[in-house]
Amino acid sequence: MIYGLTYLGVIHTLISLVAVAAALIAFVRHKNIDPASTLGKVYIWTTVLTCLTGFGIYQHGGFGKPHALGVITLVVLALAWRIKSPKVAIVSYSLTFLFHMIPAVTETTTRLPLGAPLLANAEAPELKAITGVLFVLFLIGVTLQLRRLKAPRT
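Residues numbered from 1 in each chain as written. Predicted model: local features only at pLDDT ≥ 70, side-chain atom pairs only at ≥ 80, totals over all residues. Heavy atoms only, no water.

(A) Spatial organisation of the side chain of serine 16. The residue serine 16 is located in helix 1 (residues 7-30) in this model. Judged by its relative accessible area of 15%, serine 16 is buried. For serine 16, the residues in contact, after removing those within four places along its chain, are Thr50 and His100. (Helix = DSSP H or I, 4+ residues; strand = E, 2+ residues; numbered from the N terminus. Buried < 20%, exposed > 50% of the residue type's maximum accessible area, 1.4 Å probe, protein only. Contact = heavy atoms within 4.5 Å.)

Take a look at the structure:
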């Protein structure tokens, strides 16, 4: 175990960090996650790998909320891939980024700093508030991306 993580947990975390970094760079450079770009492809495949490796992590018992979120993430990615619509892609890829951020914040705040984490557990009321803020940021980001899509190219 490393910092309370199994070896699979460490691999899962490292892959997810690559996905999050690719998404953040894509948002800065392209204002969205474009599946045709290198960053978009890295994001999509590392997100798939994050979900798949997450299915093998059972530190909190059996199949739980994180596993369900992984299934939902894969379904949303499949939807974005299958339905050839820029609007669906924008909403879907941004939604999967939100799905990355929820466990990222949960795991970070309930594990760090080591020995005295910021929050006691994943059910802490502060996490619900943080998730609400993340959702509002998602809505703002998607709205801006969709407006940009509608705007005439100059």
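(B) Seen up close, the environment of methionine 101. One can find methionine 101 in helix 4 (residues 86-111). Those residues in contact with methionine 101 that sit more than four places away from it in its chain are Val20 and Leu134.

(C) The arrangement of the nonpolar core in detail. Residues Ala23, Ile33, Tyr43, Tyr93 and Phe97 are the most contacted members of the largest nonpolar core, which totals 15 residues. Where this core is concerned, the elements lending two or more residues are helix 1, helix 2 (38-54), helix 3 (65-82) and helix 4. Per-element accounting of this core gives the leading share, five residues, to helix 1. Isoleucine 33 has contacts with Ala23, Ala26, Phe27, Gly40, Tyr43 and Tyr93, leaving out every residue within four places of it along the chain. Counting eight residues, the second largest nonpolar core, distinct from the first, contains Val105, Leu134, Phe138 and Val142. (Core = buried A, V, L, I, M, F, W, Y, C linked by side-chain atoms within 4.5 Å.)

(D) Looking closely at the packing of aromatic side chains. Enumeration over the complete set of coordinates arrives at two aromatic pairs. Each ring, one from phenylalanine 27 and one from phenylalanine 97, has its centre 5.3 Å from the other, and the planes form 80 degrees; the classification is edge-to-face. One end of the pair, phenylalanine 27, is in helix 1; the other, phenylalanine 97, is in helix 4, and 70 residues separate them in sequence. Where phenylalanine 135 meets phenylalanine 138, the ring centres are 5.8 Å apart and the plane angle is 35 degrees; that geometry is what we call tilted. In this pair, phenylalanine 135 and phenylalanine 138 are both assigned in helix 5 (residues 125-150), three residues apart and thus about one turn of the helix distant. With a relative accessible area of 39%, phenylalanine 135 lands in the partly exposed category. (Phe/Tyr/Trp six-rings, centres within 6.5 Å; stacked < 30°, edge-to-face > 60°.)

All quantities given are derived from atomic positions and should not be read as evidence of function.
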